[in-house]
Amino acid sequence: MKEASRLERGIGMDEIQKILVVEDEERIRKLLKMYLEREGYEMEEAEDGDQGLELALENDYTLIILDLMLPGKDGMEICKAVRAKKSTPIIMLTAKGEEANRVEGFEVGADDYIVKPFSPREVVLRIKALLRRSSTAPLPTAGAKTKDILEFEHLFIDNDAHRVLAEGVEVGLTPKEYELLYFLASAPDKVFDREQLLKEVWQYEFFGDLRTVDTHVKRLREKLNKVSKGAGKMIVTVWGVGYKFEVAEK
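Just so it is clear, the model here is predicted, and its values are computed rather than measured. Every chain begins its residue count from 1, and numbering advances along the sequence as written. The predicted nature of this model means local features are confined to residues of pLDDT at least 70 and side-chain atom pairs, given and counted, to a pLDDT of 80 or more, with totals for whole chains, interfaces and linings taken over all residues. In computing side-chain values, all of the structure's heavy atoms are included and hydrogens and water are not.

The rule for pairing is simple: two strands pair if DSSP sees at least two bridges between them. A run of H or I in DSSP counts as a helix once it spans at least four residues, and a run of E counts as a strand once it spans at least two, with each numbered from the N terminus. Two strands pair when backbone bridges link them, and strand β11 (residues 235-238) and strand β12 (residues 242-245) are joined in this way by 4 bridges, in the antiparallel orientation. In the strand pairing of β12, isoleucine 235 is matched with phenylalanine 245.

Structure follows, in C-alpha cells:
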C-alpha cells in the first residue's frame, strides 16, 4: 500500500524522504506516522532519548522531529550532539511554550519549534516549508557551469551545491543558517527587519518570537568568524531595525 501510494504521487523509491521522530508518547508517534506516510514520507521512530540519538547519528535522515522532554537524554542534549556532526534539519516538539525554551532550542541548533498540542497538518506544512529550500543539491560535475553563485571578497556561496566558503575554507551551516545567509547575501546592503526575515526565510509567522532571528544571526556570525573575521563582519546589525549583508566598497 505504501509503495502504491508513492507511485501514485510520482515518488520513486530512490527519492523517498525518511524522517526520524523521537517522541516518548506512543499516541503522538502513531498520529505523526499516519500523516507523514500519507504525504509519502517514510518514518522511523524512537521512544527515548538514548535510542533517538543513536539512530540520528548512525543514519542519514531527511529531517528529525525531536521532543524536548524524553526519558534518558533530553531533546536539547540530542540536538546539540547531532549538530556537532550533522546539519540535518531539526524540528523541536514540546509542551513547553515559553520563549526561553524556544530560544534555547534554537541556540543548540534547532531549525524550528512546534508547541503541543499541535495540528498534524501544521507539522506537515512546517516540514515542507523547512525542506523546500534546505535539501542539499549534488556537487556539480567537472566542467559543468554553476548557475547560482554569489561571490564576494571574503565569501563564496554556491547555491546549486548549498556550499559556503570563507577565504576558501568550507563553512558548515545548518539548513536555516544557510537560508538566512543566502537571503541576506542575495540583496547586499539592503536592510531587512526581523519580521521580514521571519516571513521570507522561515516562510510562516512565528507569532512575535523575533529572537529567533537574533539567535540564528549570532550562530551564523560565530561560524563565519571562526574561519574568516572578514566574512563574519559582513553580517551587520542595523540597530533598531534589523540586519543587512554589507559589502565593502573597493
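Here the focus is the pattern of salt bridges. Salt bridges are identified by distance alone: a Lys or Arg side-chain nitrogen within 4 Å of an Asp or Glu carboxyl oxygen. This model, assessed by the stated rule, comprises 22 salt bridges. For lysine 116, the salt bridge identified is with glutamate 23, shortest N-O distance 3.1 Å. Here glutamate 23 lies in the loop between β1 (18-22) and α2 (26-38) and lysine 116 lies in the loop between β5 (112-115) and α6 (120-132), a separation of 93 residues in the sequence. Comparing lysine 116 with glutamate 23 shows no difference in burial state: the two are buried. Each of Glu23, Glu25, Arg27, Asp67 and Lys116 takes part in one network of salt bridges that share partners. Categorising residues by exposure relies on relative accessible area from a 1.4 Å probe, with only protein chains included: less than 20% of the type maximum marks a residue as buried, more than 50% marks it as exposed, and the intermediate range marks it as partly exposed.

Before going further, it helps to spend a moment on the packing of helix α8 (residues 194-202) against helix α9 (residues 211-227). Lines are fitted to the C-alpha atoms to define the axes, a helix being fitted only along its stretch in contact, and any angle between axes, read from their N-to-C directions, falls within 0 to 180 degrees. Axis separation between α8 and α9 bottoms out at 9 Å; the angle between their running directions is 75°. Judged by the inter-axis angle, α8 sits roughly perpendicular to α9. Two secondary-structure elements touch here, α8 through Arg194, Leu197, Leu198 and Trp202 and α9 through Thr212, Val213, Asp214 and His216. Taken together, the residues of the contact of α8 with α9 break down into 4 nonpolar, 2 polar and 2 charged. For classification purposes, angles smaller than 35 degrees are called roughly parallel, those larger than 145 roughly antiparallel, those between 65 and 115 roughly perpendicular, and all remaining angles oblique. Here a residue-residue contact requires only that any non-hydrogen atoms of the pair lie within 4.5 Å. In the scheme used here, Gly and all other residues not listed as nonpolar or charged are polar, with Ala, Val, Leu, Ile, Met, Phe, Trp, Tyr, Cys and Pro taken as nonpolar and Asp, Glu, Lys and Arg as charged.

Turning our attention to the sheet that holds strand β7 (residues 155-158). One open sheet holds the 4 strands; their spatial order is β6-β7-β8-β9, and the pairing between them is antiparallel. The open sheet is flanked by β6 (149-151) and β9 (169-170), the only strands paired with a single partner. Inspection of the sheet shows β6 paired to β7 by 3 bridges, in the antiparallel sense. Bridge pairing in β7 links leucine 150 to isoleucine 157. Together, β6, β7 and β8 (163-166) form the strand contacts of helix α7 (residues 175-185), whose direction differs from that of β7 by roughly 110°.

Right, let's get into the side chain of arginine 126. Tracing the chain through its elements places arginine 126 in helix α6. Among the polar contacts made by the side chain of arginine 126, one reaches the side chain of aspartate 112 at a distance of 3.2 Å. Contacts described as polar in this section are N or O atom pairs within 3.5 Å, which, within protein, must combine one atom able to donate a hydrogen with one able to accept it, while residues neighboring in sequence count only if both atoms come from side chains. A polar atom in the side chain of arginine 126 sits 2.8 Å from the side chain of glutamate 122.

Bringing the layout of surface pockets into the picture now. A cavity here means a set of 1 Å grid points, computed over protein atoms only, where a 1.4 Å probe fits but cannot escape. A pocket is an open set with protein on both sides within 12 Å along at least 5 of 7 lines, and lining residues have an atom within 4 Å of a point. Grid points are joined across faces, edges and corners, and a volume is the space filled by probe spheres set on the points. Taken as a whole, the second largest pocket encloses approximately 280 Å³ of empty space. Lining the second largest pocket are 13 residues, and of these Arg83, Ala84, Lys85, Arg219 and Lys223 sit closest to its centre. Elements with a contribution of two residues or more to the lining of the second largest pocket: α4 (75-83) and α9. Of the residues in the lining of the second largest pocket, the class split is 3 nonpolar, 3 polar and 7 charged. Taken together, domain 1 (18-134) and domain 2 (149-245) each give at least three residues to the lining of the second largest pocket, which thus spans both. Where each domain starts and ends comes from a domain assignment, either automatic or drawn from a database.

Buried within helix α3 (residues 49-58) are the following residues: Gly49, Gly52, Leu53, Leu55 and Ala56. End-on, the buried residues of α3 take up no more than an arc of 165°, which puts them together on one face. On the buried face of α3, the contacting elements are β1, β2 (42-46), β3 (63-67) and α4. One side-chain oxygen of the residue at the start of α3 lies 3.1 Å from the amide nitrogen of aspartate 50, identifying that residue as aspartate 48. This arc is built from the directions going out from the helix axis to the C-beta atoms.

Moving on to the confidence of the model for the chain. Values of pLDDT, the confidence the predictor places in each residue, fall between 0 and 100. Here the chain averages 83 in pLDDT, while 82% of its residues score no lower than 70. Taken as a whole, residues 1-14 scores under 50 in pLDDT and shows 15 contacts with residues more than four places along the chain or in a different chain. In this model, residues 136-146 is a region of pLDDT below 50 whose contacts with residues beyond four sequence positions or in other chains number 13 contacts.

This brings us to the packing of aromatic side chains. Only Phe, Tyr and Trp rings take part, Trp by its six-membered ring, and two of them pair if their centres are within 6.5 Å. Stacked means planes under 30 degrees apart, edge-to-face means over 60, and tilted covers everything else. By the definition in use, this model includes 3 aromatic pairs. Ring centres 4.8 Å apart and planes at 55° place the aromatic pair phenylalanine 152 and phenylalanine 245 in the tilted group. Of the two residues, phenylalanine 152 sits in the loop between β6 and β7 while phenylalanine 245 sits in strand β12, which places them 93 residues apart along the sequence. Assessed through its relative accessible area of 0%, phenylalanine 245 is described here as buried. For a lysine, the NZ atom is tested; for an arginine, the CZ atom; a charge sits over a ring if that atom is within 6 Å of the ring centre and within 35 degrees of the ring normal. The positively charged end of arginine 38 is found above the aromatic ring belonging to tyrosine 35, 4.9 Å away from the centroid.

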